[in-house]
Amino acid sequence: MTASVYLSVVIPVYNEEDVLESLYKRLIKVCDDLGKSFEIIFTNDGSNDRSSEILKEFHLRRPHQIRVIEFSGNFGQHMAILAAFERVRGEVIINLDADLQNPPEEIPRLLEKYRQGHDYVGSIRDVRQDSFLFRSLPSKFMNWLRGVITGIRITDQGCMMRAYSRRIVDLVAKCHESSTFVTVLGYSFSINPTEIRIRHDARAEGQSKYGIYKLVRVTFDLFTGFSMAPLHVFTVFGFFVSSLSGLFVFYLLVRRLIIGPEAEGVFTLFAIAFFLISVAIAGIGIVGEYVGRIYQVVRYRPRYLIREIIEDLSEDDVSSTSSMKRRALI
Ligand code: UDP
Ligand code: MG
């Protein structure tokens with residue numbers, strides 16, 4: 001596809017009414033100052049607050065630069081990004097969160113790296129402003145585990161603010177997986193990736209949309225989506241444990257023949273049985289994770305549903321000069 005604007009900024013929005021106005025002001029200022037053509041695509045991921053109205057109003061302020069995709073339900077951050085990826089017009093695409101944890105002021109630095117020839121510019125959060133025990137520590141651990149299991153070495157996977165070349169975004173958009181990790185997928189398609197440190201602020205308003213359960217789900221998606229390792233590990237471990245328990249059964253049999261039946265070791269046996277049962281249950285769970293994904297793909301349902309797209313794609317007005325005229329509106 002050809003790029004008709006220079007920069008596309010992609011932002012997923014889920015119940016962010018409190019931050020949107022300041023996000024808009026800061027982002028528009030940064031984009032105007034670039035002196036290049038740009039568009040901003042907001043995907044409203046089924047918010048049930050006033051986000052939708054606010055975004056529509058943004059579109060009225062800058063009809064040629066602000067596009068809004070309205071989902072008809074909550075399909076998750078990655079789907080929201082993907083829906084925008086399928087529609088971007090830019091040569092370079094930058095993704096950021098709506099909650100202002102990724103400062104829009106860092107955009108020029110990402111673009112600088114892109115101009116130096118990197119088709120993927122990742123980011124590492126400088127100082128994490130999230131709670132250490134519940135967010136930073138688990139996410140450090142997950143990063144490490146992901147590196148080990150999937151072999152994908154992204155220093156800070158949780159930070160969505162990244163720049164991608166259009167080639168990468170088009171490839172990501174073509175992947176018809178049901179749970180797509182935009183950052184990881186983008187990285188796996190890149191030719192000359194790099195990473196920079198960017199500022200990371202505390203959430204401006206509202207609450208994180210990710211509870212512990214959602215984080216665990218996301219991690220499972222990541223592992224099963226990018227690696228067969230859990231299955232392999234499980235199979236190897238299963239073989240190992242069953243050979244050991246085979247030996248153990250053999251030993252008990254011989255012992256019974258020579259010394260006679262024993263009653264004292266009953267609880268040891270219980271313990272071992274429980275252990276083996278739990279291994280089997282975990283194994284079924286892991287297989288189920290993969291089967292579930294196959295099921296989703298086989299069903300071939302749309303990954304997200306769009307209710308409405310609010311945009312004006314006439315090409316005459318995306319240049320920065322015309323945006324200067326509109327500045328008075330913000
Ligand atoms: N988000 C979304 N759909 C969801 C959850 C979150 O579009 O189901 C958006 C949210 O509005 C924000 C970004 O994804 O722009 C990151 O969400 P959040 O800040 O809650 O995640 P955290 O920063 O805690 O990882
Ligand atoms: Mg956040």
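You'll find the structure just up there.
Residues numbered from 1 in each chain as written. Chains lettered and ligands numbered in written order. Predicted model: local features only at pLDDT ≥ 70, side-chain atom pairs only at ≥ 80, totals over all residues. Heavy atoms only, no water.

Draft legend 1. Main features of the overall build of the chain. Tallying secondary structure elements over the chain gives 11 helices and eight strands in all. Taken along its principal axes, the extent of the C-alpha atoms in the chain is 95 × 40 × 40 Å. Across the 330 residues that make up the chain, the buried fraction comes to 46%. Long-range contacts, defined here as pairs at least 24 residues apart, represent 84% of the contacts in the chain between residues at least 6 apart. Summed over all atoms, the accessible surface of the chain reaches about 16600 Å², with 64% contributed by carbon and sulfur. Measuring between centres, the 40 positive side-chain charges of the chain sit 3 Å from its 38 negative side-chain charges. (Helix = DSSP H or I, 4+ residues; strand = E, 2+ residues; numbered from the N terminus. Buried < 20%, exposed > 50% of the residue type's maximum accessible area, 1.4 Å probe, protein only. Contact = heavy atoms within 4.5 Å. Areas by Shrake-Rupley, 256 points an atom, 1.4 Å probe, with all protein chains shown as cover. Lys, Arg positive; Asp, Glu negative; His and termini not counted. Charge placed at Lys NZ, Arg CZ, Asp CG, Glu CD.)

Draft legend 2. Focus on the site of ligand 1. Neighbouring residues of ligand 1: 18 residues in total, closest E16, D45, D99, S208 and K209. Contact between ligand 1 and E16: an oxygen atom at 2.6 Å from a side-chain N or O atom of the residue. About the coverage of ligand 1: the protein hides 95% of its 530 Å² of free accessible area. Taken together, the residues of the shell around ligand 1 sort by class into five nonpolar, five polar and eight charged. (Near = heavy atom within 4 Å. Polar contact = N/O pair within 3.5 Å; in protein donor to acceptor, adjacent residues only side chain to side chain. Nonpolar A, V, L, I, M, F, W, Y, C, P; charged D, E, K, R; others polar.)

Draft legend 3. Structural view of the coordination of the magnesium ion (ligand 2). Within the first shell, the magnesium ion (ligand 2) binds the protein through D99 (OD) and Q101 (OE1), at distances of 1.9 Å. For the residue pair D99 and Q101, the accessibility class agrees, reading buried in each case. (Donors = N, O, S within 2.8 Å, 3.2 Å for Na, K, Ca; no water.)

Bear in mind that shape data such as this cannot, by itself, settle questions of function.
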